[in-house]
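Coordinate inspection notes
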Amino acid sequence: MAIKIFFTLPFTLLLIIGAHSPTISCTISSTTIPGFSSVVLLGSNTPDTSALPKFGGDVIPTGSEVSYLTYSTTSSINGSVAILATTLAEVNGSMLSTPSTSSSTSTSVSILQGTMGAGGASPTNGTNGTTNVNSTTSQTSTSATPTNTQPCNNYSEFCNRQYSNITYVAAHNSPFVNPDNAAANQQLGVIAQLNDGIRMLQGQTHYNSTTKTISYCHTSCDLLDAGTALSYFTNIASWVRTHPYDVITLLIGNSDFISVGNYTSPLEASGLSRYAYIPSQVPMNISSWPKLSEMILTQKRVVIFMDYNANQSQVPYILDEFSQMWETPFSPTNRSFPCTQQRPPGLNRSDAEQRMYMANHNLNTQINLAGTSLLVPTTTLLNETNAVSGQGSLGLMANNCAGKLVFSASVRFRTNKSQ
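Residues numbered from 1 in each chain as written. Predicted model: local features only at pLDDT ≥ 70, side-chain atom pairs only at ≥ 80, totals over all residues. Heavy atoms only, no water.

Right, let's get into the packing of aromatic side chains. Tallied over the entire structure, the rule returns 13 aromatic pairs. Between Tyr 155 and Phe 158, the ring centres sit 5.0 Å apart and the planes meet at 50 degrees, which makes this aromatic pair tilted. By relative accessible area, which is 17% here, Phe 158 ends up buried. Ring geometry for Tyr 163 against Tyr 168: centres 5.3 Å apart, planes inclined by 35 degrees, an arrangement best described as tilted. (Phe/Tyr/Trp six-rings, centres within 6.5 Å; stacked < 30°, edge-to-face > 60°. Buried < 20%, exposed > 50% of the residue type's maximum accessible area, 1.4 Å probe, protein only.)

On to the state of the cysteines, then. The tally for this structure, following the rule as stated, stands at 2 disulfides. What pairs with Cys 217 in a disulfide is Cys 221, and their sulfur atoms sit 2.1 Å apart. As the torsion about the S-S bond is roughly 90 degrees, the Cys 217-Cys 221 disulfide counts as right-handed. Exposure remark for Cys 217: the relative accessible area of 0% places this residue in the buried category. (Disulfide = S-S within 2.5 Å.)

A full pass over the atoms with the stated rule returns 4 salt bridges. For Arg 343, the salt bridge identified is with Glu 327, shortest N-O distance 3.0 Å. Of the two residues, Arg 343 sits in the loop between strand 12 (325-327) and helix 6 (349-352) while Glu 327 sits in strand 12, which places them 16 residues apart along the sequence. Note on accessibility: Arg 343 and Glu 327 belong to one class, buried. A salt bridge links Glu 353 to Arg 349; its shortest N-O distance comes to 3.1 Å. With relative accessibility at 28%, the residue Glu 353 sits in the partly exposed group. (Salt bridge = Lys/Arg side-chain N within 4 Å of Asp/Glu carboxyl O. Helix = DSSP H or I, 4+ residues; strand = E, 2+ residues; numbered from the N terminus.)

Along its 13 residues, helix 3 (residues 229-241) runs 18 Å from first to last C-alpha, staying within 8% of the 18 Å computed at 1.5 Å per residue. Among the residues making up helix 3, those that are buried are Ala 229, Leu 230, Tyr 232, Phe 233, Ile 236, Ala 237, Trp 239 and Val 240. (Expected span 1.5 Å × (residues − 1).)

Attention now moves to the side chain of Gln 186. Tracing the sequence through the fold places Gln 186 in the loop between strand 4 (167-171) and helix 2 (190-195). A polar atom in the side chain of Gln 186 sits 2.8 Å from the backbone oxygen of His 172. (Polar contact = N/O pair within 3.5 Å; in protein donor to acceptor, adjacent residues only side chain to side chain.)

This paragraph deals with unusual backbone geometry. With an omega dihedral of -5 degrees, the bond running from Val 282 to Pro 283 counts as a cis peptide bond. Structurally, Pro 283 can be placed in the loop between strand 9 (281-282) and helix 5 (292-298). Cis geometry marks the peptide bond from Arg 343 to Pro 344; its omega dihedral reads -5 degrees. Here Pro 344 shows up in the loop between strand 12 and helix 6. Phi at Phe 257 takes a positive value of approximately 55 degrees, unusual for a residue other than glycine. With respect to the secondary-structure elements, Phe 257 resides in the loop between strand 8 (248-254) and helix 4 (264-270). The phi torsion at Phe 337 lies on the positive side, around 45 degrees, for a residue other than glycine. Locating Phe 337 in the fold gives a position in the loop between strand 12 and helix 6.

Here it is as structure tokens:
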């Protein structure tokens, strides 16, 4: 598997795993396309696909083809969302019970602790102010301290942690599972990945001129077409709907640099946008992120990033990646997997310390295919690359990154290892 690690501490690790197989800025209002049968590209930067540079899929764009957003100050936006009392019950059915009373004096209750995040109050049932979560309360005990036993992302201790204080394993090019295709990155589909514990999904999208849709394609839809963005988002939404205590992250690779407004239609049609987290400020820093329990209680528990051409004033729930996290070398061919900050370029230490980061750990070999330079997973070293120890292993890389990070000026500093 090709993987990445997403670190959400100041110098925590966001890990992206690539499984095995084998901007231009503009301001434009978004358009919703009913049914998403086709895509009308928006914005003055609509690409001439024949003139697009051949990035080889995972090669980092440079020069005038791409720009990075910068912010001189932190600006607040309206990140509040309406809280519906029936949200959890709706998505989880009979798994959630109605709050009940008892004469027991037990000091332990099963309850998901947290607040709304926006406003600081817990969601209520709208009639008598009682919390509408899976809980058992005590009539006679007034001083009992709740003990959470409900897992958040499979661990109850994560409920009280901020989103920015957890390390996530991510799947690189998660939908690219096409068998016998040199450009594939994964062997198992997105649902299997999520069931196995992947909590961040990354993939490269392109405008498919044949189907007139946004599709998940590796380098070119002629080389590997994994289907439409709508079908991919729908799959993810179905899993999210049946796993109401999980927070996941989606990183959209906008490989053709089209306007962000083109992505709202498939996100809304799939049902995924209803779970999308809207941040309280732009950009978010390490201390700004809510607890997992807060995101779960509000059911705003899908964090959506985009690498290029995000515009949070236009689409608040699609977050600009590089103003809120940084990455180690992308799609490396170096088995040492250096912990060197690469994107965004020129980031200074003080700014980096306020962001999450992603460590790319997917070993590739460069090949030429049909005149296109392409990075494909080095499958012969798969077991070593994904091992817990040894040369080029995931475990060694994670330990090295936890101990030191190198910036462009070769300044070294330690990470927060409290995870």
